[in-house]
Amino acid sequence: DSGVTQTPKHLITATGQRVTLRCSPRSGDLSVYWYQQSLDQGLQFLIQYYNGEERAKGNILERFSAQQFPDLHSELNLSSLELGDSALYFCASSPDGEAFFGQGTRLTVV
Amino acid sequence: GESVGLHLPTLSVQEGDNSIINCAYSNSASDYFIWYKQESGKGPQFIIDIRSNMDKRQGQRVTVLLNKTVKHLSLQIAATQPGDSAVYFCAELLGNQFYFGTGTSLTVIP
C-alpha cells in the first residue's frame, strides 16, 4: 500500500458527460501528480500541484482541469468526455523525489 | 517534452535467470532516476532509485546502473521469479516533472 488513495476505482460514463476523480496523497506529501495511461501506453503526465498551486502542466486537454485543496487532496475533472478518454488515471504524491502512486481510476467512456 | 525510451518492449526470461531491462534518457541535466514495476491492474510501484552522482545502486535482488556518458540506465533483476512478471518503467526527474518511458513487459517462464 503506497498510502495514496484514489476514488472511485472504476467509472463508466457516457460520451459528453463530466466526471471527477479524487486523490488523497500520502500524509505530509505536498506534491500531487496526475497521469493518464491508455491501453499499452506509458504514463502521460497531465499536471502537478504543490501545496495547492499548479506547478507544472503536461499534455492536459483543455476539457480537463484539476485542483488541490487546502487539505492537500486533489481532484481531476474531465468534461465533454470522448471515447478516447477511456484510460487509467493515476495520481501520485511525492515529498521530494520519489513518487508514490495510487491504484488508479479506470475510466470507461461508452 | 523529454524522451525516456526503452530499448526492448518485451522480454521473456527463464525462472532463475537474471533479467536486464534497459532505458535511454535524453537530457543530461536529469539528476534522479527511478525504476517502477507495474503489475496488471495496479499502480506503478517503486523498485529502486539512483541519483546522478552515482553509477550503481543495489537493492534486494535488483541493481540499477547509470551510465551518464551515454545516458543509459539499466535494471538488473537477479534470479528472476514468476512474481517479477510485470511492466517495468524507468522515470527521469527533470525540474519538477517525472518523465516515464513506455515500459518493458517482462514475462518469466516457469
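Report on the accompanying structure.

### Here we look at unusual backbone geometry
Residues and elements named next belong to chain A.
No. 1: Each neighbour pair has its own omega, and for threonine 7 with proline 8 the value is -10°, a cis peptide bond.
No. 2: At asparagine 51, a position not held by glycine, the phi torsion is positive, near 50°.
No. 3: Here asparagine 51 falls in the partly exposed class, since its relative accessible area comes to 47%.
No. 4: One non-glycine residue, serine 80, lies in positive phi territory at about 45°.

### Considerations on the layout of surface pockets
No. 1: What the second largest pocket holds in volume is close to 300 Å³.
No. 2: As for the second largest pocket, its lining consists of 17 residues, and the residues nearest its centre are A:Asp1, A:Ser2, A:Gln103, B:Pro44 and B:Gln45.
No. 3: Elements with a minimum of two residues in the lining of the second largest pocket: strand 10 (100-101) of chain A together with strand 4 (32-38) and strand 5 (45-51) of chain B.
No. 4: With 3 residues, the single largest contributor to the lining of the second largest pocket is strand 4 of chain B.

### A look at the interface of chain A and chain B
No. 1: Listed by partner, the interface residues are 18 residues for chain A and 17 residues for chain B.
No. 2: When chain A packs against chain B, close to 1400 Å² is buried across both sides, 55% of that on carbon and sulfur atoms.
No. 3: A per-residue breakdown of the area chain A buries against chain B is headed by A:Leu43, A:Glu98 and A:Phe101, which together make up 32% of the total.
No. 4: Remark: the boundary between chain A and chain B carries 0 salt bridges.

### A short note on the side chain of B:Gln38
Residue and element names in this part refer to chain B.
No. 1: By secondary structure assignment, the location of glutamine 38 is in strand 4.
No. 2: Since its relative accessible area comes to 8%, glutamine 38 is described here as buried.
No. 3: In terms of polar contacts, glutamine 38 uses its side chain to reach the backbone carbonyl oxygen of lysine 42, at 2.9 Å.

### Here's the deal with the sheet that holds strand 1 (residues 5-7) of chain A
Residue and element names in this part refer to chain A.
No. 1: On the basis of which strands lie adjacent, the open sheet formed by 4 strands has the order 1-3-8-7 and antiparallel pairing. Each edge of the open sheet is held by one strand with a lone partner, namely strand 1 and strand 7 (64-68). Neighbour-to-neighbour, the strand axes of this sheet turn through a mean angle of 15°, independent of strand direction.
No. 2: Across 5 bridges, strand 3 (residues 19-24) lies against strand 8 (residues 74-78) in antiparallel orientation. Residue pairing across strands places arginine 22 opposite glutamate 75, the latter belonging to strand 8.

### Some points on the pattern of salt bridges
No. 1: Summed over the entire model, instances satisfying the criterion amount to 5 salt bridges over all chains.
No. 2: In this structure, B:Asp49 and B:Arg57 form a salt bridge, with 2.2 Å as the shortest nitrogen-oxygen distance.
No. 3: For the salt bridge of B:Asp84 with B:Arg61, the shortest nitrogen-to-oxygen distance reads 2.9 Å. With B:Asp84 in the loop between strand 8 (72-77) and strand 9 (86-94) and B:Arg61 in the loop between strand 6 (56-58) and strand 7 (62-67), this pair connects stretches of sequence that are 23 residues apart.
No. 4: A relative accessible area of 7% places B:Asp84 in the buried class.
No. 5: The exposure class of B:Arg61 is partly exposed, given its relative accessible area of 29%.
No. 6: Among the charged side chains, a network of salt bridges with common partners joins A:Arg63, A:Glu82 and A:Asp85.

### Some details on the state of the cysteines
All names here are of chain B.
No. 1: As enumerated under the stated definition, the model contains 2 disulfides over all chains in all.
No. 2: Through a disulfide, cysteine 23 is tied to cysteine 90; the S-S separation comes to 1.8 Å. Across the S-S bond of cysteine 23 and cysteine 90 the torsion is about 50°, and the bridge reads as right-handed. With cysteine 23 in strand 3 (residues 19-25) and cysteine 90 in strand 9, the pair connects residues that are 67 residues apart, well separated along the chain.
No. 3: Looking at cysteine 90, the relative accessible area reads 0%, which means it is buried.

### Focus: the environment of B:Trp35
No. 1: Position of B:Trp35 relative to the elements: it lies in strand 4.
No. 2: Put simply, B:Trp35 and B:Ala91 are 56 residues apart on the chain and 6.3 Å apart in space, counted from C-alpha to C-alpha.

### A few points about the nonpolar core
No. 1: Residues A:Leu21, A:Trp34, A:Leu76, A:Leu78, A:Tyr89 and A:Leu107 are the most contacted members of the largest nonpolar core, which totals 22 residues.
No. 2: Among the elements of the structure, strand 3, strand 4 (31-37), strand 5 (44-50), strand 7, strand 8, strand 9 (87-94) and strand 11 (105-109) of chain A are those that each provide at least two residues to this core.
No. 3: Counting residues in hydrophobic clusters, the runner-up holds 20 residues, among them B:Ile21, B:Tyr25, B:Trp35 and B:Cys90.

About the criteria used
For every chain, the first residue of the written sequence is number 1, and numbering continues from 1 along that sequence. By the order in which they are written, chains take letters starting at A while ligands take numbers starting at 1. Under the rules for a predicted model, residues below a pLDDT of 70 receive no local features and side-chain atom pairs below 80 are neither given nor counted, while totals for whole chains, interfaces and linings still include all residues. Here the side-chain values reflect all heavy atoms present in the structure, with hydrogen atoms and water set aside. Classification of residues uses two cut-offs on accessible area relative to the type maximum, computed with a 1.4 Å probe and protein chains only: under 20% is buried, over 50% is exposed, and between them is partly exposed. Within this scheme a cavity is a closed region of a 1 Å grid, computed over the protein atoms alone, that accommodates a 1.4 Å probe without allowing it to escape, whereas a pocket is open but has protein on both sides within 12 Å along at least five of seven lines; lining residues each have an atom within 4 Å of a point. Grid points are joined across faces, edges and corners, and a volume is the space filled by probe spheres set on the points. By the criteria applied, helices consist of DSSP H or I runs no shorter than four residues and strands consist of E runs no shorter than two, each listed in order from the N terminus. Every residue pair with non-hydrogen atoms within 4.5 Å of one another is taken to be in contact. What counts as buried area is the accessible surface, traced by a 1.4 Å probe, that two parts surrender upon association, with contributions from both included. A side-chain nitrogen of Lys or Arg and a carboxyl oxygen of Asp or Glu constitute a salt bridge if their distance falls within 4 Å. Definition of a polar contact: a pair of N or O atoms within 3.5 Å, with one able to donate and the other able to accept a hydrogen when the atoms are protein atoms, and with sequence-neighbouring residues admitted only if both atoms are side-chain atoms. In this scheme, strands are said to pair when DSSP sees at least two bridges between them. The convention used is that axes are lines fitted to C-alpha atoms, helices contributing only their stretch in contact, and that angles between N-to-C directions extend from 0 to 180 degrees. Two cysteine sulfur atoms form a disulfide, by the criterion used here, when they sit within 2.5 Å. The definition of a nonpolar core used throughout is a set of buried Ala, Val, Leu, Ile, Met, Phe, Trp, Tyr and Cys residues joined through side-chain atoms within 4.5 Å.

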